[in-house]
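A closer look at the structure
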Amino acid sequence: MSDVDVPESHPRYESLLTRHRIEDGVEKGITSQQGLIAQGRGEAFDYLLGERTIESADRAERVAAAHLLVADHSVISVNGNVAALVPGEIVELAEVTGADLEVNLFNRTEERIEAIAEHLREHGASEVKGMAADARIPGLDHERAKVDADGIGDADTVVVPLEDGDRAEALGEMGKTEIVIDLNPLSRSAQVAAVPIVDNVLRAVPNMTEHAQSLRDRSTGELQEMIDEFDPDETLAAAEEAIRTGEVA
Ligand code: ATP
């Protein structure tokens, strides 16, 4: 079934659309089978959050945009789920903030890396990193550790949507400022992030772009002040509270 076959009146329209995008991603060789499982987990948390961007997530998305604007070198890591769900949106975020795009896979195969890079180029990306794989993240086994030396290897700020906990932890230990997008506020990735964004990547990425556009003219001092005021633990607690009580936090 393609996107257009889901009637918009269906109460779970967005959720079904997302599923079909992931299924299409698997068919195109962009998303792995494990990506389907990650999607299911995400769906459950999104349901508990009321399938909306809670206020604390919106604030985190604004601070994430500020980080990207003040960074010397920021990189957005793209995996199979991100490429299937928000290819055009992630290219736009990179353009607006001057970030690089790097394909980074948990289950790395050269074919899948190339398929994702091609998919991003079809959505307007001019340069996609991830093919060189000439640097390593210390403390991880071989395939998961591979990054580009002039990409994530060199970055001071990385956006890691739907990242596995081990790699998120290892990137943090390298001293990188990590912006994690993950619907599960209890996941290790969210817990180790400088900026945890507990929101669906479908809503988070375009919202970060909007924030970046509106913050573009702010001074570095002002952006830095927003960054310094941000408390990741408060954000995670607000998300947990929203899940428990159904209240917008
Ligand atoms: P960890 O290793 O960090 O404890 P994990 O083993 O649960 O996490 P994975 O299965 O690799 O991690 O990643 C899936 C994560 O991505 C889950 O936490 C899930 O909630 C989240 N996720 C899935 N789909 C989305 C989405 N569309 N937007 C945001 N987050 C998502």
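Residues numbered from 1 in each chain as written. Predicted model: local features only at pLDDT ≥ 70, side-chain atom pairs only at ≥ 80, totals over all residues. Heavy atoms only, no water.

**Some thoughts on the sheet that holds strand β6 (residues 177-181)**
- Taken together, the five strands give an open sheet; going across it, the order is β2-β1-β5-β6-β7, and neighbouring strands pair in parallel fashion. Bordering the open sheet on either side are β2 (100-103) and β7 (195-197), each of which pairs with just one other strand. Adjacent strand axes in the sheet meet at a mean angle of 20 degrees when their direction is disregarded.
- Along the sheet face, helix α3 (residues 55-70) touches β1 (74-78), β5 (157-161), β6 and β7 and points at about 135 degrees away from the line of β7. (Pairing = 2+ DSSP bridges. Helix = DSSP H or I, 4+ residues; strand = E, 2+ residues; numbered from the N terminus. Axes fitted to C-alpha atoms, helices over the stretch in contact; angles between N-to-C directions. Contact = heavy atoms within 4.5 Å.)

**Some details on unusual backbone geometry**
- Located in the positive-phi region is Glu 51, a residue other than glycine, with phi close to 50 degrees.
- Following the sequence through the fold, Glu 51 ends up in the loop between α2 (33-48) and α3.
- For Glu 51, a relative accessible area of 31% translates into the label partly exposed.
- A positive phi angle is found at Ala 133, which is not glycine, with a value near 50 degrees. (Buried < 20%, exposed > 50% of the residue type's maximum accessible area, 1.4 Å probe, protein only.)

**Quick look at the site of the ligand**
- The ligand sits among 16 residues. The nearest are Arg 41, Gly 165, Asp 182, Asn 200 and Val 201.
- Residue Gly 165 places a main-chain N or O atom 2.9 Å away from an oxygen atom belonging to the ligand.
- Protein chains shield 84% of the accessible area of the ligand, which is 630 Å² for the free molecule.
- Judged by its atoms lying within 2 Å of the grid points, the ligand is housed in the largest pocket.
- Those elements that place two or more of their residues in the shell around the ligand are α2 and α9 (188-192).
- By residue number, the principal contributor to the shell around the ligand is α2, which donates four residues. (Near = heavy atom within 4 Å. Polar contact = N/O pair within 3.5 Å; in protein donor to acceptor, adjacent residues only side chain to side chain. Areas by Shrake-Rupley, 256 points an atom, 1.4 Å probe, with all protein chains shown as cover. 1 Å grid on protein atoms, 1.4 Å probe; cavity = no way out; pocket = protein on both sides within 12 Å on 5 of 7 lines; lining within 4 Å. Sits in = over half its atoms within 2 Å of the grid points.)

**Structural notes on the side chain of Asp 199**
- Take Asp 199: it is sitting in the loop between β7 and α10 (201-215).
- With residues near it in sequence (within four places) discarded, Asp 199 still touches Arg 52, Thr 53, Ala 57, Glu 61, Ile 181, Asp 182, Leu 183 and Ala 204.

**As for the layout of surface pockets**
- What the largest pocket holds in volume is close to 960 Å³.
- Only α1 (13-27), α2, α4 (80-85), β5, α8 (165-173), α9 and α10 provide two or more residues apiece to the lining of the largest pocket.
- Per element, the largest residue contribution to the lining of the largest pocket is ten residues, and it comes from α2.
- Among the residues forming the lining of the largest pocket, the class breakdown is 13 nonpolar, 18 polar and 13 charged.
- Its volume calculated, the second largest pocket comes out at about 260 Å³.
- Lining of the second largest pocket is provided by Ser 56, Asp 58, Arg 59, Arg 62, Val 63, Met 226, Glu 229, Phe 230, Asp 231, Glu 234, Thr 235 and Ala 238.
- If you list the elements that add at least two residues to the lining of the second largest pocket, you get α3, α11 (220-229) and α12 (232-245).
- The greatest single-element share of the lining of the second largest pocket, amounting to five residues, is contributed by α3.
- Within the lining of the second largest pocket, the residues separate by chemical class into four nonpolar, two polar and six charged. (Points joined across faces, edges and corners; volume = space filled by probe spheres on them. Nonpolar A, V, L, I, M, F, W, Y, C, P; charged D, E, K, R; others polar.)

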